[in-house]
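Close look at the chain arrangement
Each chain is listed here by its residues.
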Amino acid sequence: MDERSWPRNAWYVACRPADVEDAPLGRTVCGERVVFFRDADRRVAALEDFCPHRGAALSLGRVCDGELTCGYHGLTMGRDGRAVRMPGQRVEAFPAIRAFPVLERYGFVWIWPGDPALADPAALPHLPWAESDDWAYDGGLFHMACDYRLMIDNLMDLTHETYVHASTIGQREIDEAPVTTEVRGHEVITSRHMQDILAPPFWRMGLRGAGLPEDARVDRWQVCRFSLPSHVMIEVGVALAGRGGYDAAPEHKASSIVVDFMTPETETSHWYFWGMARNFAPGDPDLTRQIKEGQHKIFSEDRAVLERQQDNLRRHPDRKLLRLNIDAGGARSRLMIERALRAEGLAEQRATTRADADPEIAQSVE
Amino acid sequence: MDERSWPRNAWYVACRPADVEDAPLGRTVCGERVVFFRDADRRVAALEDFCPHRGAALSLGRVCDGELTCGYHGLTMGRDGRAVRMPGQRVEAFPAIRAFPVLERYGFVWIWPGDPALADPAALPHLPWAESDDWAYDGGLFHMACDYRLMIDNLMDLTHETYVHASTIGQREIDEAPVTTEVRGHEVITSRHMQDILAPPFWRMGLRGAGLPEDARVDRWQVCRFSLPSHVMIEVGVALAGRGGYDAAPEHKASSIVVDFMTPETETSHWYFWGMARNFAPGDPDLTRQIKEGQHKIFSEDRAVLERQQDNLRRHPDRKLLRLNIDAGGARSRLMIERALRAEGLAEQRATTRADADPEIAQSVE
Amino acid sequence: MDERSWPRNAWYVACRPADVEDAPLGRTVCGERVVFFRDADRRVAALEDFCPHRGAALSLGRVCDGELTCGYHGLTMGRDGRAVRMPGQRVEAFPAIRAFPVLERYGFVWIWPGDPALADPAALPHLPWAESDDWAYDGGLFHMACDYRLMIDNLMDLTHETYVHASTIGQREIDEAPVTTEVRGHEVITSRHMQDILAPPFWRMGLRGAGLPEDARVDRWQVCRFSLPSHVMIEVGVALAGRGGYDAAPEHKASSIVVDFMTPETETSHWYFWGMARNFAPGDPDLTRQIKEGQHKIFSEDRAVLERQQDNLRRHPDRKLLRLNIDAGGARSRLMIERALRAEGLAEQRATTRADADPEIAQSVE
């Protein structure tokens, strides 16, 4: 039985456009070794990273005039996975290799590891911040030695900021503010609002960047939105206290979106594309750099915690974990993943994903 | 079937007191991941390193006012393995995690990995040198990639000094002196006495430290004492020749105890706590440092040999080894361990531990 | 069932003579851990790297007066695998360990991992270049993380030079010249001849070294000769165009032999002894050094390709590969290996070695 834990018929972020320019890029995505390259029209193509001749890695080859030539014996492959030519050989009968649907949009390259016939560009998430001059975006990539769902758990419950990120975005008040989780359409949404507090260091920087007083009392919010297969967009921000919080007018707040794409590599590792989109001071490259450095530090802290957690769970696969109200965001997201897997004919049987019977969650979600 | 090779109902050295001061310490001991920390009374506590909430490693958390708070979501644990509090949660029904009996004594932290009801402080070894101002002690810790019993074999037969430690404590005369092994009470004792020889480099240093002429002819002894579960204390020393050797008056000799605690980590690795206690020149820190450096070098040599031996045995698990008279100390110690395992309901079946049928050993032990 | 993929009754290169001078050398060859040392007559000996006393690695021991003494407890072994002496012990009844037939010749140490009774010095390959002052030789050793047969495939089809070694010995014309493969006696021979071309960088150096104009038009040849168990000698060279190519008189050509001995370590790794023997300017040490550096670079490129290929094949063990005319050299060589394995009572069953049914190969070989 196929035991993968990720839906296949979905768009995943594979890389940033700059990662695949002149040289091919080899990367394992959703358990498949894939080679990415640009064809003659500069469109990204994605093939199995396996030369049909002798099994060499095509990603060690060369791209010339938009064709990928194997670096071992010179078999040239087209973007459709069919052999184009090879010196001294007739290649018509060569077996084709898998070609993956791939799209470049919103500053990312997206891959569809499932059935190509189902690959629908309309199924891409809509990311307006990525196409507007009012917004600035930058981010990075981490290889994480843990199940991608542990990162979803992590992001759908920001209680951990108090502990993991004490020196940057954590603060006592997060713990004390109630959290609500709901499923709305295709999203799982976990929200937390804090009133009349002082901003933590990261947001003091945000206030400065937005031209607001960094030591003002503020209302702060975190709205985490999960959508399939593994995207988490977190609206975060602070507004001068009493101006409406999340709904305050733009001039009274500094807000942004924490952008998180988790792309499974194996069952116990994933590619974590992280970044921040902000709509204040979008033309300030120093601020962009500062934020990126701040996020790099924050997600490094997460990495240490999650990789050790993965290791603990591997040693105790049957151990029952707690499911608290703060875990509802992750639990509901996992349920959504599980339904998608079931729709693909897979049944996940890990106890940790059976949240249906959990009354505490049943209460906190619709 | 449980296939561990170490008794569980016993005290093992887990760490030095300084290893667990303000921050928690995570260490795998006897196959268990354990977190050590100090409670409000500064007493060391030991819990499973597994947060009952989501499986995070508690050792990545923080200790505050003698309580251990998980670094992920802030669950605070008490020394009894029960949840104390968590922001926004009622923790009374949270499942407890294992708490291990733990003691701090003789300059070490001791853990009892077995049944807590059987943990008896009186079962600690008696180490008078650790509580007397007439003695100085220092030592170190090595992680060894080999079965802890290979180190017991090594220490219970010092013939190897001639070869492994040729430049420090080895000398031809060790080989030539007869060795005797006996079981006395709860100890296996292997003894070797050399008469009227020149001291090797390490003991020339010892003689100098004791105010004796380093180039004098001496009588030298090695009395190795194994006791359960895995302690080896080796009385070593030199006395001016003809003054009674081991029984010579203090002013004619330099003697000390090589202290060895082997704490299993996995079946093929262990923590090796090594050191030396001496009752000459105890107030000389330079000598203490010199001895420690010497031991560091010596045990590094052992490490190289034992780790390769482990590797060879792993590749040839069924190969029969020789059991010579010089191996009797290790063989008798392994028998004692095997009896302890049997008393815990385990039967070790490795051929290498069946020494009963070996006539050579039968002769050399009582 | 024994599943090794290499014949045992054959001579393999184990090391260079300089690798085993005063200290013993431990190396895994054909799945066996072996210790090499020189006896009192300076003849190389080879034993299992496993002390019959307690399983220590003999290669960590010392050689004294042509005897190998274990570094743990001082058991001294003779070149026949029998214990010679041990302090305080009677060693007559000690079990012997395996001794391997071993020869030193042609600048290499050769080992016979199979039945010693069958070890015939006459079965060594004949390497006249290694014993003539008209030739110069130098080379190196790489540890390769791939099946030794992938390297044979690689060497028996030099089409890859165009792609893997584009900047040194590769050139378009290799692709375009037809390749022929034949089995002649105990050799598989793959030949390619290129007429009236410009020499690639490596051979421009060769022409200069031979006192010929480096920018002259040349005929170039590659004649790859495989022989059991895993030797590939490649005659390569260039002659001034129209002077007879391969058969040109010595003063019109620069030619040499690429020397390749692949010695299996495990099923997925091998020792690759590479080098070049040349009969032009043999007394020019600068040229020798330049060639060695060039080969080092070239074979490093092969290493990257083959290790990734091994990894791909491991992930897709059942995937069918193509067998083209350019692969005939490797395919015929694998057949020869398979016959040798069958003669030793082993049947290789990997699909990749069943070339009999391949009509394309059937055409291109006798």
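The shown structure was predicted, so the numbers you read here are calculated from the model rather than taken from an experiment.

Laying chain A over chain C is done by rotating through 120 degrees and shifting 0.1 Å along the axis; what remains is an RMSD of 0.0 Å. Here the symmetry operator amounts to a three-fold rotation axis.

Attention now goes to the interface of chain C and chain B. Counting residues at the interface gives 16 residues for chain C, matched by 18 residues for chain B. Grouping the amino acids of the side of chain C that touches chain B by side-chain chemistry returns eight nonpolar, seven polar and one charged.

Here we take up the sheet that holds strand 2 (residues 25-29) of chain B. What holds strands together in a sheet is hydrogen bonding between their backbones, with the strands either parallel or antiparallel. Residues and elements named next belong to chain B. Spatially, four strands are ordered 2-3-4-9 in an open sheet, and the strand pairing comes out antiparallel. Every other strand in the sheet has two partners, leaving strand 2 and strand 9 (99-100) as the edge strands with one partner each. For strand 2 and strand 3 (residues 32-38), the ladder comprises five bridges, and the chain directions are antiparallel. Within strand 3, the position partnered with Arg-27 by the bridge is Val-34.

For C:Asp115, the position within the fold is in the loop between strand 11 (108-111) and strand 12 (136-144). Separated by 43 residues in sequence, C:Asp115 and C:Leu158 place their C-alpha atoms 35 Å apart.

Here we take up the interface of chain A and chain C. Contact residues are listed per partner, giving 16 residues for chain A and 18 residues for chain C. Tallied by class, the residues present in the side of chain A that touches chain C amount to eight nonpolar, seven polar and one charged.

What follows concerns the pairing of strand 3 (residues 32-38) of chain A. Residue and element names in this part refer to chain A. For strand 3, a buried count of six out of seven residues is recorded, marking the element as mostly surrounded by other parts of the structure. In textbook terms, the turn of a hairpin is the stretch between consecutive antiparallel strands, and for strand 2 (residues 25-29) and strand 3 this stretch comprises two residues, one of which, Cys-30, has a positive phi near 50 degrees. Relative to strand 4 (residues 44-48), strand 3 is paired through five bridges, and the arrangement is antiparallel. For Phe-36, the partnering residue across the bridge sits in strand 4 and is Ala-46. Between the end of strand 3 and the start of strand 4, which pair antiparallel, lie five residues, with Arg-42 showing a positive phi angle near 65 degrees.

Bringing the sheet that holds strand 10 (residues 102-105) of chain C into the picture now. All names here are of chain C. Here we have three strands laid out as an open sheet, ordered 1-11-10, and antiparallel in their pairing. Both edges of this open sheet fall to strand 1 (12-15) and strand 10, since each of them pairs with a single strand only. Each neighbouring strand pair of the sheet contributes to a mean axis angle of 40 degrees, computed without reference to strand direction. Bridge analysis of strand 1 against strand 11 gives three bridges, and the strand direction is antiparallel. By the bridge assignment, Cys-15 is partnered in strand 11 with Val-109.

Most of helix 1 (residues 148-155) of chain C sits out of view: eight of its eight residues are buried. Turning to helix 1 of chain C, its buried residues number three or more, namely C:Tyr148, C:Arg149, C:Leu150, C:Met151, C:Ile152, C:Asp153, C:Asn154 and C:Leu155.

This part covers the nonpolar core. Grouped together as the largest cluster of nonpolar side chains are 286 residues, with contacts concentrated most on A:Phe36, B:Phe36 and C:Phe36. Beyond its immediate sequence surroundings of up to four residues, A:Phe36 is in contact with A:Ala14, A:Cys15, A:Val20, A:Pro24, A:Leu25, A:Arg27, A:Val44, A:Ala46 and A:Val109.

A word on the environment of B:Arg278. Residues and elements named next belong to chain B. Secondary-structure assignment places Arg-278 in strand 18 (residues 269-278). For Arg-278, a count of 26 C-beta atoms within 10 Å puts it in the buried group. The spatial distance from the C-alpha of Arg-278 to the C-alpha of Cys-70 is 42 Å, given a sequence separation of 208 residues.

All names here are of chain A. Domain boundaries assigned for chain A yield domain 1 (12-123) and domain 2 (128-351). Between domain 1 and domain 2, the C-alpha centre-to-centre distance is 33 Å. Residue-level contacts link nine residues of domain 1 with 10 residues of domain 2. Sorting the residues of the side of domain 1 that touches domain 2 by element identifies strand 1 (12-15) and strand 2 as the ones contributing at least two each. With three residues, the single largest contributor to the side of domain 1 that touches domain 2 is strand 1. Here the side of domain 1 that touches domain 2 is built from residues that sort into six nonpolar, three polar and no charged.

Turning next to the packing of helix 1 (residues 148-155) of chain A against helix 5 (residues 285-315) of chain A. All names here are of chain A. Across the interface, helix 1 lies against helix 5 with an axial gap of 10 Å and an inter-helix angle of 130 degrees. Comparing the axis directions of helix 1 and helix 5 gives the class oblique. Here the hand of the crossing between helix 1 and helix 5 comes out right-handed. Contacts from Leu-150, Met-151 and Asn-154 in helix 1 reach Asp-302, Leu-306, Gln-309 and Gln-310 in helix 5. For the contact of helix 1 with helix 5, the per-class residue count stands at three nonpolar, three polar and one charged.

What follows concerns the environment of B:Leu118. Turning to its location among the elements, B:Leu118 is positioned in the loop between strand 11 (108-111) and strand 12 (136-144). Judged by the 12 C-beta atoms lying within 10 Å of it, B:Leu118 falls in the exposed class.

We now examine the pairing of strand 14 (residues 187-198) of chain B. Put simply, side chains in a regular strand alternate between the two faces of the sheet. All names here are of chain B. Both strand 13 (residues 179-184) and strand 14 contribute to a ladder of six bridges, which runs antiparallel. Of the residues in strand 14, the one forming a bridge with Glu-182 is Ile-189. Taken together, the nine bridges between strand 14 and strand 15 (residues 217-227) define a ladder with antiparallel strand orientation. Counterpart to Leu-198 in the pairing with strand 15 is Arg-217.

Procedures and definitions
- Residues numbered from 1 in each chain as written.
- Chains lettered and ligands numbered in written order.
- Predicted model: local features only at pLDDT ≥ 70, side-chain atom pairs only at ≥ 80, totals over all residues.
- Least-squares fit on C-alpha atoms with pLDDT ≥ 70 in both.
- Contact = placed C-beta atoms within 7 Å.
- Nonpolar A, V, L, I, M, F, W, Y, C, P; charged D, E, K, R; others polar.
- Pairing = 2+ DSSP bridges.
- Helix = DSSP H or I, 4+ residues; strand = E, 2+ residues; numbered from the N terminus.
- Buried ≥ 20, exposed ≤ 12 C-beta atoms within 10 Å, placed from the backbone.
- Axes fitted to C-alpha atoms, helices over the stretch in contact; angles between N-to-C directions.
- Core = buried A, V, L, I, M, F, W, Y, C linked by C-beta atoms within 7 Å.
- Domains from an automatic or database assignment.
- Parallel < 35°, antiparallel > 145°, perpendicular 65-115°, else oblique.
- Left-handed = near helix turned anticlockwise from the far one by under 90°.

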